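Structure assessment
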Amino acid sequence: MLFNSLEFAVFLPIVVAMYFLVAPSWRIRVLLVASCIFYMAFIPEYIAILFVTIIIDYVAGIYLEKTEGARRKSILLVSIVSTCSVLVVFKYFNFFSESLAAALSFLGVPASPLVAKIILPIGLSFHTFQSLSYVIEVYRGHQKAIHSFEHYATYVMFFPQLVAGPIERPQNLLPQFVEGHKFAYEDVTAGLKRMAWGFFKKLVIADRLAIYVNDVYADPHSFNGLQLTLATLFFAYQIYCDFSGYSDIAIGSARILGFRLMENFHTPYFSRSVSEFWRRWHISLSSWFKDYFYVPLGGSRVAAGRQVFNLIATFALSGLWHGANWTFVLWGLLNGVYLVAGKFSRPWRDRLSAAVGIAENSLFRRATMLSCTFALTCVAWVLFRAESLHDAVYIYSHLLVGWDFNQIATPHFLLRQLPVAFLSIAVLEMCQMFGNRVDVPTFALRFPQPARWAFYTAGVLMVILFGVYQKTQFIYFQF
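All of the points below concern the structure found in this document. (Residues numbered from 1 in each chain as written. Predicted model: local features only at pLDDT ≥ 70, side-chain atom pairs only at ≥ 80, totals over all residues. Heavy atoms only, no water.)

Some words on the overall build of the chain
Within the chain one finds 18 helices and zero strands. The C-alpha atoms of the chain give a radius of gyration of 24 Å, which matches the 23 Å a tight globule of 479 residues would have. Taking all 479 residues of the chain together, the buried fraction comes to 51%. A sequence separation of at least 24 residues applies to 75% of the contacts in the chain between residues at least 6 apart. Total accessible area computed for the chain in this model is approximately 22,700 Å², and 69% of it derives from carbon and sulfur atoms. Positive and negative charge centroids in the chain, built from 37 and 27 side chains respectively, lie 7 Å apart. (Helix = DSSP H or I, 4+ residues; strand = E, 2+ residues; numbered from the N terminus. Rg over C-alpha atoms; globule rule 2.2 N^0.38 Å. Buried < 20%, exposed > 50% of the residue type's maximum accessible area, 1.4 Å probe, protein only. Contact = heavy atoms within 4.5 Å. Areas by Shrake-Rupley, 256 points an atom, 1.4 Å probe, with all protein chains shown as cover. Lys, Arg positive; Asp, Glu negative; His and termini not counted. Charge placed at Lys NZ, Arg CZ, Asp CG, Glu CD.)

So, in structure tokens, the structure goes:
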């Protein structure tokens, strides 16, 4: 069930009404049933796969809590391997099979890949990682095992963030299932406002830019350098507005029910370094890899050479998590290289700036750092979006050549749509700049009620009038 669908517009009010009308002891069951219905709206049979991983980690958590000594590590390992094996089979089997066949053929050994005709379950990577975080936290002693299967299953399946996050930690979400939430007008209005902002990002910006991006990246050889560059710029905003828009709708939906989900984005394109970008982008995943992979490897507490390995390995795995394609792996590696280069060149860059008289917090340096970070991010996004390595190489080699301002439009994106696209991006950036300085909802309460409602109405009308209504799937559903 897509957030940007009529089905969800009917589904959410019904769930909210039932949640607050039933007795508190039944609310967890309302959420669990609603989450099952939400997930089964995609491919009903795949809920069985989800419950397999839920049962594995639910049992593992109980045994971890009552087991001592070396056996605890064995239980943890069995849980991780069992849960990840489901992910490997459905998401990576064909990728590994085809890669092995290609490697053997390169070495002169004829080989044909084994291809399994299976469909990747929606959001498998997300709820796999959320389930793993619970088991790891129980193993570390930071979380008590949950003995109620209903509570644990709802933790993994909570419908607002089931498909594309945020990837919640058990310490934040699990206790909220036993709290006595009361219907609160403030929660409803705050949730609806957050959802409206998410729909603006998704329908007005992301889905409009997707038309241009899809045209160009489907056949990059048919477009000039200006179109390739514009498509790459548009994709940077498309993926941000698509994914952060999903997170806004998820956080808003949960807020209506009284739940608080973690923030997943914090204006990442305002970052002045790649490392800062990754502290602001997909925060729940970045922190997951940091806490459960990078730090256990030694993090930055080791020698310089090992730090380089830890960073590169973490981002290579992050790239593979995003998709079973070498373009994603190289995208992760490139970001790892960015971080390594930024980390070890920082002293040299500081000395150079001091030598030429540029203060660290000067407007010129901040603007330069922000622009460079955004440019590097866009360069990396080419690998993320390209259909193949061959296409990525072509795009890189033609971005800055053959610009023709008489050929900007694409077959499905007419020239008259460009002003709307650029204006919507400008509105996004201005709102985010203002929002970084002021709590917008609180600030809006200072105005008279007619002015507030006029503002809200204008926002809704903007989504209605300028939104693209094609029930476009969210980008991160494929992960």
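What follows continues from the structure just given.
Focus on the state of the cysteines
Should the sulfur atoms of two cysteines be covalently bonded, the bond is a disulfide. A complete count under the given rule lists zero disulfides for this structure. Of all cysteine sulfurs, the one in C431 lies closest to C241, which takes part in no disulfide; the gap is 11 Å. What makes C241 buried here is its relative accessible area of 0%. C378 carries a free sulfur, and the closest cysteine sulfur to it, the one in C372, is 12 Å from it. (Disulfide = S-S within 2.5 Å.)

Structural notes on the packing of helix α9 (residues 225-256) against helix α14 (residues 363-385)
Each pair of packed helices can be described by the angle between their axes along with the distance between the axes. The interhelical angle for the contact between α9 and α14, taken along N-to-C directions, is 85°, at an axis separation of 9 Å. By the criterion of interaxial angle, the relationship of α9 to α14 is roughly perpendicular. Across the interface between the two elements, T232, L233, F235, A236, Y237 and I239 from α9 touch F374, C378, W381, V382, F384 and R385 from α14. The residue makeup of the contact of α9 with α14, split by class, is 10 nonpolar, one polar and one charged. (Axes fitted to C-alpha atoms, helices over the stretch in contact; angles between N-to-C directions. Parallel < 35°, antiparallel > 145°, perpendicular 65-115°, else oblique. Nonpolar A, V, L, I, M, F, W, Y, C, P; charged D, E, K, R; others polar.)

Comments concerning a nonpolar patch on the surface
On the surface, V460, L461, M462, I464, L465, F466 and Y469 cluster together to form a nonpolar patch covering roughly 680 Å² of accessible area. Within the secondary structure layout, I464 lies in helix α18 (residues 449-466). Since its relative accessible area comes to 48%, I464 is described here as partly exposed. (Patch = residues over 30% accessible without salt bridge, like charges linked within 9 Å, V, L, I, M, F, W, Y side chains within 5 Å. Salt bridge = Lys/Arg side-chain N within 4 Å of Asp/Glu carboxyl O.)

Quick look at the environment of P296
Here P296 shows up in the loop between α11 (283-294) and α12 (304-322). Along the sequence, P296 and V204 sit 92 residues apart, while their C-alpha atoms lie 42 Å from each other. Residues contacting P296, with those up to four places away along its chain left out, are R140, K290 and D291.

Looking at α14
Between its terminal C-alpha atoms α14 stretches 32 Å, which fits the 33 Å expected from 23 residues at 1.5 Å a residue. Turning to α14, its buried residues are R365, M369, T373, F374, T377, C378, A380, W381, V382, L383, F384 and R385. Check the buried side of α14 and you find it contacts α8 (185-218), α9, α10 (274-280), α12, α13 (326-355) and α15 (389-398). (Expected span 1.5 Å × (residues − 1).)

Section: the environment of V463
In this structure, V463 sits in helix α18. Leave out the neighbours within four places in its chain, and V463 touches A196, F199, F200, L203, V204 and Y469.

Some remarks on unusual backbone geometry
Here the phi dihedral of T267 falls at roughly 35°; this positive angle occurs in a residue that is not glycine. Relative to the helices and strands, T267 resides in the loop between α9 and α10. Given a relative accessible area of 9%, T267 falls into the buried group. Despite not being glycine, H282 shows a phi value in the positive range, around 40°. Positionally, H282 belongs in the loop between α10 and α11.

Topic: the nonpolar core
By size, the foremost hydrophobic cluster in this structure holds 136 residues, and its most contacted members are F159, F234, Y269 and W381. Per element, the largest residue contribution to this core is 18 residues, and it comes from α9. With near-sequence residues (within four places) excluded, F159 lies in contact with F8, F11, L12, V15, L31, A34, S35, F38 and L257. (Core = buried A, V, L, I, M, F, W, Y, C linked by side-chain atoms within 4.5 Å.)

Regarding the pattern of salt bridges
Under the counting rule described, the total for this entry stands at 11 salt bridges. Here K202 ties to D207 by a salt bridge, and the two come within 2.9 Å at their closest N and O atoms. Exposure class is identical for K202 and D207. Each is buried. Residues joined in a network through salt bridges with shared partners are R194, K201, D248 and E263.

Considering the packing of aromatic side chains
The tally for this structure, following the rule as stated, stands at 59 aromatic pairs. Centre to centre, the rings of Y19 and F20 are 5.1 Å apart; their planes meet at 85°, and the pair counts as edge-to-face. The same class applies to Y19 and to F20, which are both buried. The ring of W26 carries the charged tip of R29 above its face, separated from the ring centre by 4.5 Å. Geometry around W321 places K91 over its ring, the cationic atom sitting 5.3 Å from the centre. (Phe/Tyr/Trp six-rings, centres within 6.5 Å; stacked < 30°, edge-to-face > 60°. Lys NZ or Arg CZ within 6 Å of the ring centre and 35° of its normal.)

With respect to the environment of H147
One can find H147 in the loop between α5 (124-140) and α6 (149-157). Between the C-alpha atoms of H147 and F455, which are 308 residues apart in sequence, the distance is 47 Å. Those residues within four positions of H147 in sequence are excluded, and the remaining contacts are Y58, I62 and E65. Here E65 takes part through its side chain, which lies 3.1 Å from a polar atom of the side chain of H147. (Polar contact = N/O pair within 3.5 Å; in protein donor to acceptor, adjacent residues only side chain to side chain.)

A short note on the packing of helix α4 (residues 71-106) against α12
At a closest axis distance of 10 Å, the pairing of α4 and α12 adopts a crossing angle of 105°. It follows from the interaxial angle that α4 and α12 lie roughly perpendicular. Contacts between α4 and α12 pair K91, Y92, F95 and F96 from the former with L320, W321 and H322 from the latter. Considered class by class, the residues forming the contact of α4 with α12 number five nonpolar, one polar and one charged.

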